[in-house]
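Architecture at a glance
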Amino acid sequence: MRTGAASWTARWVAWMRALAEHLPADERLASDPAAQGFTWRGAARASARPWLGRALVALPPLRFNVLSLQLRTRAIDDAARLFAARGGRQIVLLGAGFDARATRLELDGARFFEVDHPATQAAKRARAGASPARYVAWDFEERPLSELPAALLREGHDPAAPTLTIWEGVTMYLSRHALDASVRAVRAYCAPGSELVFNYLDQRRLDRRVSGERLVVRWVGEPFRSGFAPEELAAWLQTRGFRLTSDRSYAELAAELLPRRRHRGHVDRRLALATTS
Ligand SMILES: C[S@@+](CC[C@H](N)C(=O)[O-])C[C@H]1O[C@@H](n2cnc3c(N)ncnc32)[C@H](O)[C@@H]1O
């Protein structure tokens with residue numbers, strides 16, 4: 001990430017969520033009315049106009065991005081609701097960006113902890129208004145992640161109770177070292193019965209493909225740095241204290257959640273769910 005500036009990709013994600021409000025009802029999987037307040041001013045203005053919002057979301061590259069985001073956000077929302085239905089009350093958003101789940105999901109009695117880069121978190125807090133979330137500023141590449149459990153404890157996290165950690169849209173931007181240290185830190189603050197949900201890029205496609213998206217993220221200073229080989233993920237998690245319980249491609253999510261006309265594409269992205277082993 002560029003020093004001092006809030007994450008460009010977090011603002012982009014907020015814009016994609018704002019545009020999602022203009023999707024046809026059967027393609028809208030997760031509504032986030034607050035998203036508009038966190039993107040760039042011009043983008044927010046464009047997505048606030050219904051005719052322009054509908055025109056933008058009809059453009060194939062934008063529509064693909066909006067739908068991709070809808071799939072992962074909805075699948076993670078479902079995981080959070082299930083965790084809460086089973087009695088889970090602590091949710092850590094790792095690399096929270098402009099995630100509005102703390103207010104959007106209305107999970108009775110749930111406590112949210114938002115961990116993010118100091119620059120992005122400062123931008124979030126400047127606009128978030130009254131949020132029940134506890135904030136912990138952290139640069140995953142610079143600050144030892146082994147200190148994260150103690151920092152969460154100071155904010156009221158209970159390491160004896162189960163925690164759901166949501167790591168949405170983050171793994172691809174981190175070095176392998178930060179990925180490893182992050183998962184070990186998550187395991188260190190997790191009681192039995194805790195869960196970790198995250199999306200990732202398939203490493204082989206990351207190695208092979210040159211795409212417009214990759215060029216853009218490199219240009220804005222947040223290049224894709226890491227992916228996982230799906231067949232190696234279970235073992236990677238196992239050595240860090242997690243058991244992989246589900247690992248689905250976005251194509252599978254699309255088949256489940258979107259109308260048939262939107263099933264194509266979505267192949268190189270995946271969503272994984274793991275529990276403490
Ligand atoms: C694409 S955004 C996703 C934000 C949010 N999770 C969502 O899905 O809306 C990537 C997030 O990763 C965070 N991030 C990237 N590199 C980071 C680092 N080295 N330390 C802390 N956070 C980082 C950014 O600040 C940003 O919030």
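The text that follows walks through the structure, step by step, so that each part is easy to find. Note that the structure is a prediction, hence the values are computed from the model and not measured.

What follows is about the nonpolar core. Grouped together as the largest cluster of nonpolar side chains are 39 residues, with contacts concentrated most on Leu19, Leu71, Ile91 and Ile166. Those elements that provide at least two residues to this core are α1 (8-20), α2 (41-48), α3 (50-57), α4 (60-85), β1 (90-94), β4 (163-167) and α12 (250-257). Top element by residues in this core is α4. It accounts for 10 residues. Those residues in contact with Ile166 that lie beyond four places of it in its chain are Ile76, Ala80, Ile91, Val92, Leu93, Leu94, Arg101 and Val197. In this structure, Ala178, Val183, Tyr200 and Leu237 belong to the second largest nonpolar core, which totals 32 residues.

Moving on to the sheet that holds β1. Either a parallel or an antiparallel arrangement is found when strands of a sheet pair, and the pairing is made through backbone hydrogen bonds. Taken in spatial order, the seven strands make up an open sheet running β3-β2-β1-β4-β5-β7-β6, and their pairing is mixed. In this open sheet, the two edge strands, each paired with only one partner strand, are β3 (134-137) and β6 (242-249). Going from strand to strand, the sheet's axes swing by 20 degrees on average, the running direction of each strand aside. As paired strands, β6 and strand β7 (residues 269-276) are joined by seven bridges and run antiparallel to one another. Of the residues in β7, the one forming a bridge with Asp247 is Ala272. Set on the sheet, α4 makes contact with β1, β4, β5 (195-201) and β7; between it and β4 the angle comes to about 175 degrees. Sheet contacts for helix α6 (residues 118-128): β2 (111-116) and β3; angle to β3, the most-contacted strand, approximately 155 degrees.

Now for the site of the ligand. Around the ligand sit 22 residues in total, of which Arg17, Gly95, Asp116, Thr120 and Glu168 are the nearest. Here an oxygen atom of the ligand sits 2.8 Å away from a polar atom, N or O, in the side chain of Asp116. Within the backbone of Glu168, a nitrogen or oxygen atom sits 2.7 Å from a nitrogen atom of the ligand. Sort the elements by how many residues they give to the shell around the ligand and α1 lands first, with four residues. Its residues assigned to classes, the shell around the ligand shows nine nonpolar, seven polar and six charged.

Let us now look at the side chain of Thr276. Considering the arrangement of structural elements, one finds Thr276 in strand β7. Look at Thr276 and you get buried, because its relative accessible area is 12%. Reaching out from Thr276, the side chain makes a polar contact with the backbone nitrogen of Gly193 at a distance of 3.0 Å. Apart from the residues lying within four places of it in its own chain, the contact partners of Thr276 are Arg187, Cys190, Ala191, Pro192, Gly193, Ser194, Gly241 and Phe242.

Two elements in contact, α4 and α12, have axes separated by 10 Å at closest approach and are oriented at 80 degrees. Viewed along their axes, α4 and α12 adopt a mutual orientation that is roughly perpendicular. Note on element contacts: α12 touches α4 through Tyr250, Leu253, Ala254 and Leu257, opposite Ser68, Leu71, Arg72, Arg74 and Ala75. Considered class by class, the residues forming the contact of α4 with α12 number six nonpolar, one polar and two charged.

Together, Arg41, Arg45, Arg49 and Arg127 line one region of the surface with positive charge. For Arg41, the location among the structural elements is in helix α2.

Scoring rules and cut-offs
Residues numbered from 1 in each chain as written. Predicted model: local features only at pLDDT ≥ 70, side-chain atom pairs only at ≥ 80, totals over all residues. Heavy atoms only, no water. Core = buried A, V, L, I, M, F, W, Y, C linked by side-chain atoms within 4.5 Å. Buried < 20%, exposed > 50% of the residue type's maximum accessible area, 1.4 Å probe, protein only. Helix = DSSP H or I, 4+ residues; strand = E, 2+ residues; numbered from the N terminus. Contact = heavy atoms within 4.5 Å. Pairing = 2+ DSSP bridges. Axes fitted to C-alpha atoms, helices over the stretch in contact; angles between N-to-C directions. Near = heavy atom within 4 Å. Polar contact = N/O pair within 3.5 Å; in protein donor to acceptor, adjacent residues only side chain to side chain. Nonpolar A, V, L, I, M, F, W, Y, C, P; charged D, E, K, R; others polar. Parallel < 35°, antiparallel > 145°, perpendicular 65-115°, else oblique. Patch = residues over 30% accessible without salt bridge, like charges linked within 9 Å, V, L, I, M, F, W, Y side chains within 5 Å. Areas by Shrake-Rupley, 256 points an atom, 1.4 Å probe, with all protein chains shown as cover. Salt bridge = Lys/Arg side-chain N within 4 Å of Asp/Glu carboxyl O. Lys, Arg positive; Asp, Glu negative; His and termini not counted. Charge placed at Lys NZ, Arg CZ, Asp CG, Glu CD.

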